[in-house]
Amino acid sequence: MLFHSFGFFLFFWIVFGVYWRLREHERRMRWLLAASIIFYGLWSPWFVLLIAFTAGADYLIALQIEAAAQERARRAWLVLSLVVSLSLLAFFKYAHFMLEAGSGLLALFGFGFVPPAFDLVLPLGISFYTFETISYVVDVYRGRVRAERNVFHYALYIMFFPHLIAGPIVRPSQFLWQIRTRKHFDWARLQFGAQLFLRGLLKKAVFADRLALVVDPIFRAPGEFSSATLWLGTVAYAVQVYCDFAGYTDMARGVAQAFGFKLPINFDRPYLAASVGEFWRRWHITLSSWVRDYLYIPLGGSRDVAWKTYRNLIFSMVILGLWHGAGWNFIVFGLYHGVLLSLERAFPLPAWTQRGLPRLARIGVTFTVVCFGLVIFRNPSLAGGAIMLQRMLQPLAGATLPLSVVTITLVIIGLIFAGHVFGRARLWRDLAGRVPAPLVGVAMACLFLLIQLLIPEDGGTFIYFQF
Amino acid sequence: MAAPLSTSNSRPRRTLLWCAVALALSPLPGGWLVDHCPLQHRDPEMAATVSAWQMNEPPPNVLLLGSSRLGSFLRTMEFAQTTQRVVGGSAVRIFNAALVCGEPNTIEFLTRNILAEKKAPPRLAIVEISPDLLARDNTYFKFVITRQLVASDLPEYLPDIVTSGGGISRLAASRLTPFFLHRAQLLDWAAETLGFASTEPAPSGTEAPVEGTRWQAVRDLLDHRKGAAPQRIEAGARRFRSHLRNYQLAGRTSAAFEHTVAMLHEAGAVIVLVQPPLSTAQRALLTPEIKAQFAPFLQRLHSEYGCTFADFSERVPDDLFLDNHHGSNAGSAVFSEMLAREVVGPAWTGRTMEVSQPPPE
């Protein structure tokens, strides 16, 4: 069920209405859990059992970790949890890729091996909830959170429908206390949630889906388009993927606010980053911080000699790339970012480049290298990505887009960059406080109607659902 | 937008209430806009057909009316040439006005628009007829809501909308969320009014009719759908099954068909009702009960308007279909030849048609 569908609209109002009619806190939480199970079950009832198994196993293991007196036992339970979670993720997401890669490797040594043909359906959200269960068990192991005794609370932490399918990846320390805290209906929170949802809807249903109409044909046949069109397509894709995922996150955060929950921010104007490191502190923050805290730092982080830091960076980024999917393009994408991060660490720029025009230049360079990475990311074959990059760097003639399409694309790109620059300006907050409430209300309604009007006829699903 | 949460609940409550009120009232201006949306934006295919009729000089004298069944089974150019040969060089000028999802209510609307033009009416009208498309709950009835219905039509159409599959939800979407359901139409209109070209690509199969190429494009589109033709035949027929379960040849749809015939009759056209080819799976849906309602209807059209009836439903084998009721390139060549030789030629020259049957008693 997509957030921007009529089905979700009905689902939300039913869940919302019943939720606030219930008086007891525990009943509300159980109702939310039931709604979350229905939300996921509408896509595939069988995969609810898979989440139940993963979450159930980790729930029990976390209790065992806390109860175990000896470090060896605690560590054994942790390893068991990681094996269970990562095996399921590997099976559903990477089995086919690993078999194909293995077959290719064996062929190099003259062994013929044809991997069995099977068509596995990737359980929706598996990458997101697996990382959440891992962070829970690891945090219990580290003693950062106490193991949750209430199985319903724990299940709701994993299955809370706004973040279940495409994040943000929530840490137990960010969410479990919220489940325990009694909720009070708050109009201000509801208004804030509605505004977040509208902002997300605008990004996803209007900007991302409209840009998809431009981006998809360009990436389908990059060899046919002129270099300028490929540049436009790449920048449009950068904006599309941002609007798609940041839009989803905004909607998820807005829906969560309506139930009195707060989900973490996942994007902080990422294209204003002046370095690749800063980019990853602004882009898919909950994933990059997860990789930092549960992979990069445990590997040793930057505590040891330089080459070990670079190794840790590259390895962490390759895993981050692989998290997005089983494909060489994702591995190369991770590798590319890992190398860039290592280079930034090896050759730090002076502090004065962080201000004024030099900073502007750094933003431009960072955006360009991020765009190159996205070309690799978006092309399922490495050859396709290479052709596209080659044509972008070597001015070539080819097919172009109609002027009206170019204009609309540039307008959307311009609006998103303007949003990056001015979106956090104090002026808006001051203005919003001074404008009479009826006017703000009518403006919100008008924005909603305008979004409806501008949704393209063949709007698609969310890009991050495939991860 | 990311304003900090206010400590007072009064302002956000008023804001959200005003928002809700504005949204609740939005169907009024939205509905008004939809009702006043010009035809070229509301239904570009129909507008293009009317405009082509208007621009055709000298005026066409044979008018073909029907759905994509008839359209896909006709190769207009070859059909016109064969007809010319059959009638011996007479000035027969064919106009194929078949529409995608052209069920009787749509055809009635189109005929009204065509006859409203200050042109000589057609001498011969070939009108597609089929029991399944005459069903009160016909498969395409819900599209009428999007392409032509205005608020003042509601009292007349409402009983049929209520009983048709998917009608209520589409009406609700059309009238309660007009800015969403009719967004392509309204945007097109706005773009034209503001002097911008539309950026929305025309949906396939609804581009302006260009003789000989338009239905070819539709056939190509249908041919590139998923699955082989036999599977598409089965799947397509399945879509009709639920609509024919409680078959009623009554209500707005059959009235619209009769009104179309009456308008053509009044304009002085000779009317031939043609049942286009149907696949075996589609024909199997037409039970004896359905046929029992269809026969007296045909009889009445014959006695009141002098319509003759030509049944081609069993004349084309299944391997010449793209799905349950659309013809392949080969199928359209076969049917065009048959229609020209067996229906249009004789009807034009006043001879008795070879396949025409007196409507069953």
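Quantities reported herein were computed from a predicted structural model and do not represent experimental measurements.

On to the overall build of chain B. Assigned secondary structure in chain B consists of 18 helices and six strands. Burial status across chain B gives 44% buried among its 361 residues. Counted over contacts in chain B with a minimum sequence separation of 6, partners at least 24 positions apart contribute 83%.

A few words now on the environment of Phe 297 of chain B. Residue and element names in this part refer to chain B. Structurally, Phe 297 is set in helix α17 (residues 288–305). Among the residues examined, Phe 297 registers 18 C-beta atoms within 10 Å and is labelled partly exposed. Along the sequence, Phe 297 and Thr 163 sit 134 residues apart, while their C-alpha atoms lie 21 Å from each other. Aside from chain neighbours lying at most four places away, what touches Phe 297 is Leu 249 and Ser 254.

Turning our attention to the pairing of strand β1 (residues 62–65) of chain B. Residues and elements named next belong to chain B. Alternating positions in β1 separate into two faces, Val 62 and Leu 64 on one and Leu 63 and Leu 65 on the other, with burial throughout. Strand direction decides the pairing type here: β1 and strand β2 (residues 94–96), joined by three bridges, are parallel. Residue pairing in the sheet places Val 62 in a bridge with Ile 94 of β2. The pairing of β1 with strand β3 (residues 124–128) spans four bridges and is classified as parallel. Residue Leu 63 lies in a different strand from β3, and its bridge partner there is Ala 125.

This part takes up the packing of helix α10 (residues 227–258) of chain A against helix α17 (residues 403–422) of chain A. Residue and element names in this part refer to chain A. Contact pair α10 / α17: the axes reach a minimum separation of 10 Å and the direction vectors enclose 50°. Comparing the axis directions of α10 and α17 gives the class oblique. Considering only the axes of α10 and α17, their crossing is left-handed. When α10 is examined against α17, the residues Leu 232, Val 235, Ala 236, Val 239, Tyr 242 and Cys 243 are found in contact with a partner set consisting of Val 406, Thr 409, Ile 412, Ile 413 and Ile 416. Tallied by class, the residues present in the contact of α10 with α17 amount to ten nonpolar, one polar and no charged.

Basis of the calculations
- Residues numbered from 1 in each chain as written.
- Chains lettered and ligands numbered in written order.
- Predicted model: local features only at pLDDT ≥ 70, side-chain atom pairs only at ≥ 80, totals over all residues.
- Helix = DSSP H or I, 4+ residues; strand = E, 2+ residues; numbered from the N terminus.
- Buried ≥ 20, exposed ≤ 12 C-beta atoms within 10 Å, placed from the backbone.
- Contact = placed C-beta atoms within 7 Å.
- Pairing = 2+ DSSP bridges.
- Axes fitted to C-alpha atoms, helices over the stretch in contact; angles between N-to-C directions.
- Parallel < 35°, antiparallel > 145°, perpendicular 65-115°, else oblique.
- Left-handed = near helix turned anticlockwise from the far one by under 90°.
- Nonpolar A, V, L, I, M, F, W, Y, C, P; charged D, E, K, R; others polar.

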